[in-house]
Amino acid sequence: MSRKINFSAGPSALPLSVLQHAQNELTDYQGKGFSIMEISHRSKIFEEVHFGAMDKIRTLYGIGNEYEILFLQGGAHLQFSMIPMNLYQGGKAQYANTGVWTNKAIKEAQILGIKPDVVASSESDKFAYIPQINFSDDADYAYICSNNTIYGTQYKSLPKTKSPLVIDASSDFFSRPLDFSGIGLLYGGAQKNAGPSGVTVVIIRKDLIERVSNPNVPMFLRYKTHAEAKSLYNTPPTFGIYLLSLTMKWLLDQGGLSKIQAKNAAKSAMIYETIDGSNGFYKAHARTDSRSDMNVSFNVAVNAELEPVFVAQAESEGMLGLKGHRHLGGIRASIYNAVSEQDVKILVEFMKEFMKKHG
Ligand SMILES: *Cc1c(COP(=O)(O)O)cnc(C)c1O
């Protein structure tokens, strides 16, 4: 079997052992004679998978009973509107604008008739850094995106505020330990670091579930509905939750989030060192203080025409997904949890060879 080295931004690489585990029991789940896909979400067997996945998430992040874990659908995009629908109470809805994804969230709040208060933005510098942010302590919520997948920027620490911090963590979910003390809601689609697309994980502080003050919010779009039904209000994406659960198990087997964070930091450092040591051949998009450990966005600074050559040649050598996002162009290496240090070494060797040939 030959597997490519997968630097895709999302959906993205999953651990091979997770895929093989799923393959082994695809037609016969634990000797039961059926696939996990083929049984009721109300069955005991599925419930074990469902609640097992939630328990593992709690263990990984070390979160207690003051939070509820929800498995929803609609991706991060539905959260852009569910968050204001459920959390806005007529006060301040504050946002830090760090790119395309926060912009979309801001627009959704506007559609709902809210005037979002954008307290910080790095837009004038093509979102190359994480701005200084001063959230109020009395906002209904304070919204950030912890890792900006397109630009390759990431918060090194979370902003301090007494307002409930709401975090789009789609692209750095489960990549590092987090201090939950200020977090009101943390969410992300599974497809970047936690499983396949189709499941959105929402970790929400219990007092916020009760908020929905607007009676016009449909039942299905209320966190309360899903919390009360333990995310079994209607048929959830059962196979996605099963793969999410296997991926959470893999993370625990790796030693948990501190171990994973150390690996991720070592991986990104290899690429940034190569960029910084290239005498201007390569240039990272993100400012040094804001660089992401998950997505490294960079340019072939000496000659942008070499970028498609870089991407095509890497692909012919078995490395996929290196083309930058259409909003930014250039090259992007997404090095999520399932991308190994060995995979990154191969990329770095390629980068050095490419520079020798074209520098
Ligand atoms: C990919 C991504 C999204 C969009 O996710 P969907 O699940 O496709 O809606 C939103 N925010 C961030 C930070 C992302 O990386």
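Shown above is the structure to which this text applies.
Since we're looking at a predicted model, the values are computed, not measured.

Rules of the game
Residues numbered from 1 in each chain as written. Predicted model: local features only at pLDDT ≥ 70, side-chain atom pairs only at ≥ 80, totals over all residues. Heavy atoms only, no water. Pairing = 2+ DSSP bridges. Helix = DSSP H or I, 4+ residues; strand = E, 2+ residues; numbered from the N terminus. Right-handed = clockwise from strand over helix to strand, strands pointing away. Expected span 1.5 Å × (residues − 1). Buried < 20%, exposed > 50% of the residue type's maximum accessible area, 1.4 Å probe, protein only. Arc of directions from axis to C-beta. Salt bridge = Lys/Arg side-chain N within 4 Å of Asp/Glu carboxyl O. Core = buried A, V, L, I, M, F, W, Y, C linked by side-chain atoms within 4.5 Å. Contact = heavy atoms within 4.5 Å. Near = heavy atom within 4 Å. Polar contact = N/O pair within 3.5 Å; in protein donor to acceptor, adjacent residues only side chain to side chain. Areas by Shrake-Rupley, 256 points an atom, 1.4 Å probe, with all protein chains shown as cover. Nonpolar A, V, L, I, M, F, W, Y, C, P; charged D, E, K, R; others polar. Axes fitted to C-alpha atoms, helices over the stretch in contact; angles between N-to-C directions.

A. Structural context of the pairing of strand S4 (residues 117-121). One ladder, built from four bridges, connects strand S3 (residues 93-97) with S4; its direction is parallel. Of the residues in S4, the one forming a bridge with Gln94 is Asp117. Tracing the backbone out of S3, into helix H4 (residues 100-111) and back to the parallel element S4 gives a crossover that is right-handed.

B. The arrangement of helix H10 (residues 341-358) in detail. Its 18 residues give H10 an end-to-end C-alpha distance of 26 Å, which sits within 8% of 26 Å, the value for a rise of 1.5 Å per residue. By the burial criterion, the buried members of H10 are Asp343, Val344, Leu347, Val348, Phe350, Met351 and Phe354. Along the axis of H10, the buried residues cluster in a sector spanning 160 degrees; they form a single face. Away from its buried face, by an angle of more than 90 degrees, H10 presents the exposed residues Lys356 and Lys357.

C. Looking closely at the pattern of salt bridges. If you walk through the whole model with that rule in mind, you get nine salt bridges. Between Lys224 and Glu210 there is a salt bridge, and its shortest N-O distance comes to 3.1 Å. Here Lys224, found in helix H6 (residues 223-228), pairs with Glu210, found in the loop between helix H5 (206-209) and H6; they are 14 residues apart in sequence, far enough to count as distant. When its relative accessible area of 28% is taken as the criterion, Lys224 is described as partly exposed. Put simply, Asp253 and Lys249 hold a salt bridge, and the shortest N to O gap is 3.0 Å. Of this pair, Asp253 and Lys249 both sit in helix H7 (residues 238-253), four residues apart, roughly one helical turn. Given the relative accessible area of 54%, Asp253 is considered exposed.

D. Representation of the nonpolar core within the structure. In this structure, Ile57, Tyr61, Phe71, Phe174, Leu186 and Ile203 are the most contacted members of the largest nonpolar core, which totals 50 residues. It is H7 that contributes the most residues to this core, eight residues altogether. Leaving out residues up to four positions away in the same chain, Phe71 has contacts with His50, Ala53, Met54, Ile57, Val199, Thr200, Val201, Ser231, Ile241 and Leu244. If you look at the next biggest cluster of nonpolar residues, it comprises 29 residues, including Ala314, Leu322, Val348 and Phe354.

E. Spatial organisation of the site of the ligand. For the ligand, the set of nearby residues contains 13 residues, the closest of which are His77, Thr149, Asp168, Gln191 and Lys192. A distance of 3.1 Å is found between an oxygen atom of the ligand and a backbone nitrogen or oxygen belonging to Ala76. His77 places a polar side-chain atom, nitrogen or oxygen, 2.5 Å from an oxygen atom of the ligand. Here the ligand has 390 Å² of accessible area as a free molecule, and 86% of this is covered by the chains. Ranked by residues supplied to the shell around the ligand, first place goes to helix H3 (residues 75-87) with four residues. Grouping the amino acids of the shell around the ligand by side-chain chemistry returns four nonpolar, seven polar and two charged.

F. Focus on the sheet that holds strand S14 (residues 331-334). With antiparallel pairing, three strands are arranged side by side in an open sheet as S11-S12-S14. For this open sheet the edge positions go to strand S11 (282-284) and S14, each flanked by a neighbour on one side alone. Strand-to-strand twist of the sheet, defined as the mean angle between neighbouring strand axes without regard to direction, takes the value 30 degrees. Across four bridges, strand S12 (residues 295-300) lies against S14 in antiparallel orientation. Within the sheet, the bridge partner assigned to Ser297 lies in S14 and is Arg332. Sitting on the sheet, helix H8 (residues 257-276) is in contact with S11, S12 and S14, with an inclination near 20 degrees to S12.

Any functional reading would require information that these geometric values do not contain.
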